[in-house]
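# Fold and contact review
In case you want the letters, here they are:
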Amino acid sequence: MNGNEAALSAGGYSLEQADGGEIVLLRLAKRGDVTAFEKIVRLHERGVFRVAYRVLGNVEDAQDAGQEVFLRLHKHLRSFDESRQLGPWLYRVTLNICNDALRSRRRVAVLPDLIAPERTDQPLDTAERRKMVSDALESLPEKERAAVVLRDVEGLTTREVAAVLGSSESTVRSQISTGRVKLKKFIDELLRRHS
């Protein structure tokens with residue numbers, strides 16, 4: 001435990017507490033406390049990885065994206081506004097990095113759980129399911145795809161998705177609704193062709 005952590009713990013406050021703990025960590029990290037920055041990374045690395053994996057579709061690309069996210073956080077740490085929540089900012093950066101990777105690599109997201117087995121007469125293997133979902137997601141505009149992934153896969157609230165995407169809640173609700181309808185139509189058409 002470093003001196004800053006010891007002082008906080010002596011005052012009855014643990015850096016691991018959810019209430020205000022992240023703000024304390026941010027302040028310490030801004031002052032150059034490497035341990036505090038590492039704790040911030042540990043608090044958010046799983047969420048960042050999950051979003052990156054869902055959008056990019058493979059572990060290696062998701063890990064690369066996650067590293068880039070935390071490099072950007074480190075680079076912009078001193079100017080980060082403590083009145084903002086870090087989680088939505090990290091999700092937004094993650095999506096931006098992933099979308100850049102998708103554009104440059106022409107890759108698509110993979111969400112195999114989108115196709116329920118009961119929706120097809122013939123069983124689909126994992127590769128077929130992934131291909132269908134990838135094709136369906138590729139057909140969505142970037143913001144609709146991001147909204148659907150964050151809401152339906154990551155379980156964020158509409159308000160949180162709006163914060164991540166920098167949109168209003170009504171815009172996000174519209175994007176999610178439209179995206180879901182488009183996904184269903186696209187997958188239904190693929191399933192009809194598959195049968």
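Rules of the game
- Residues numbered from 1 in each chain as written.
- Predicted model: local features only at pLDDT ≥ 70, side-chain atom pairs only at ≥ 80, totals over all residues.
- Heavy atoms only, no water.
- Axes fitted to C-alpha atoms, helices over the stretch in contact; angles between N-to-C directions.
- Helix = DSSP H or I, 4+ residues; strand = E, 2+ residues; numbered from the N terminus.
- Parallel < 35°, antiparallel > 145°, perpendicular 65-115°, else oblique.
- Left-handed = near helix turned anticlockwise from the far one by under 90°.
- Contact = heavy atoms within 4.5 Å.
- Nonpolar A, V, L, I, M, F, W, Y, C, P; charged D, E, K, R; others polar.
- 1 Å grid on protein atoms, 1.4 Å probe; cavity = no way out; pocket = protein on both sides within 12 Å on 5 of 7 lines; lining within 4 Å.
- Points joined across faces, edges and corners; volume = space filled by probe spheres on them.
- Phe/Tyr/Trp six-rings, centres within 6.5 Å; stacked < 30°, edge-to-face > 60°.
- Buried < 20%, exposed > 50% of the residue type's maximum accessible area, 1.4 Å probe, protein only.
- Polar contact = N/O pair within 3.5 Å; in protein donor to acceptor, adjacent residues only side chain to side chain.
- pLDDT = per-residue confidence, 0-100.
- Arc of directions from axis to C-beta.

### Structural notes on the packing of helix α3 (residues 34-56) against helix α4 (residues 59-76)
Two numbers describe how α3 lies on α4: the axes approach to 8 Å, and their chain directions differ by 140 degrees. By the angle class used here, α3 and α4 are oblique. Considering the relative orientation of α3 and α4, their crossing is right-handed. Residues Phe-37, Ile-40, Val-41, His-44, Glu-45, Val-48, Phe-49, Ala-52, Tyr-53 and Leu-56 of α3 form the contact with α4, whose own contacting residues are Val-59, Asp-61, Ala-62, Gln-63, Ala-65, Gly-66, Val-69, Phe-70, Leu-73 and His-74. Taken together, the residues of the contact of α3 with α4 break down into 14 nonpolar, 4 polar and 2 charged.

### Focus: the environment of Val-153
If you trace the backbone, Val-153 turns up in helix α7 (residues 142-153). The spacing of Val-153 and Arg-50 is 103 residues in sequence and 9.3 Å in space, taken between C-alpha atoms.

### Observations regarding the layout of surface pockets
The volume enclosed by the largest pocket comes to roughly 370 Å³. For the largest pocket, the lining is made up of 22 residues, of which Glu-22, His-44, Leu-86, Gly-87 and Pro-88 are closest to its centre. Those elements that place two or more of their residues in the lining of the largest pocket are α2 (21-30), α3, α5 (86-105) and α8 (158-165). The dominant element in the lining of the largest pocket, judged by the number of residues it contributes, is α5, at 5 residues. Looking at the lining of the largest pocket residue by residue, the classes come out as 11 nonpolar, 7 polar and 4 charged.

### Regarding the packing of α2 against α3
Viewed as axis vectors pointing N to C, α2 and α3 meet at an angle of 140 degrees, and their least axial separation amounts to 8 Å. With respect to each other, α2 and α3 are oriented oblique. Between α2 and α3 lies a crossing of left-handed hand. Contact with α2, carried on its side by Glu-22, Leu-25, Leu-26, Leu-28 and Ala-29, involves Ala-36, Phe-37, Lys-39, Ile-40, Leu-43 and His-44 of α3 and no other residues of that element. Among the residues making up the contact of α2 with α3, the classes are represented as 8 nonpolar, 1 polar and 2 charged.

### Some thoughts on the packing of aromatic side chains
Under the definition given, this model contains 2 aromatic pairs. Measuring from ring centre to ring centre gives 5.6 Å for Phe-80 and Trp-89, while their planes differ by 75 degrees; the resulting arrangement is edge-to-face. Across the pair, exposure class does not vary: Phe-80 and Trp-89 are buried alike.

### Some points on the side chain of Glu-144
As for its placement among the helices and strands, Glu-144 is situated in helix α7. At a separation of 3.2 Å, a polar atom in the side chain of Glu-144 contacts the side chain of Lys-182. In contact with Glu-144, other than residues within four places in its own chain, are Gln-175, Thr-178, Gly-179 and Lys-182.

### Points about the confidence of the model for the protein chain
The predicted model of the protein chain averages 78 in pLDDT, with 77% of residues at 70 or higher. Per-element confidence in the protein chain ranges from a low mean pLDDT of 37 for helix α1 (residues 3-10) to a high of 92 for α3. In this model, residues 1-19 is a region of pLDDT below 50 whose contacts with residues beyond four sequence positions or in other chains number 23 contacts.

### Details of α8
Within the sequence span of α8, burial applies to Thr-158, Val-161, Ala-162, Val-164 and Leu-165. Take α8 and look down its axis: the buried residues cluster within an arc of 165 degrees, on one side only. Among the residues trailing α8, Gly-166 stands out with phi positive, at a value near 70 degrees.

### Overview of α2
Across the 10 residues of α2, 7 count as buried, placing the element largely inside the fold. Of the residues making up α2, those classed as buried are Gly-21, Val-24, Leu-25, Leu-26, Leu-28, Ala-29 and Lys-30. Count one or two residues on from α2 and you reach Gly-32, which has phi positive near 100 degrees.

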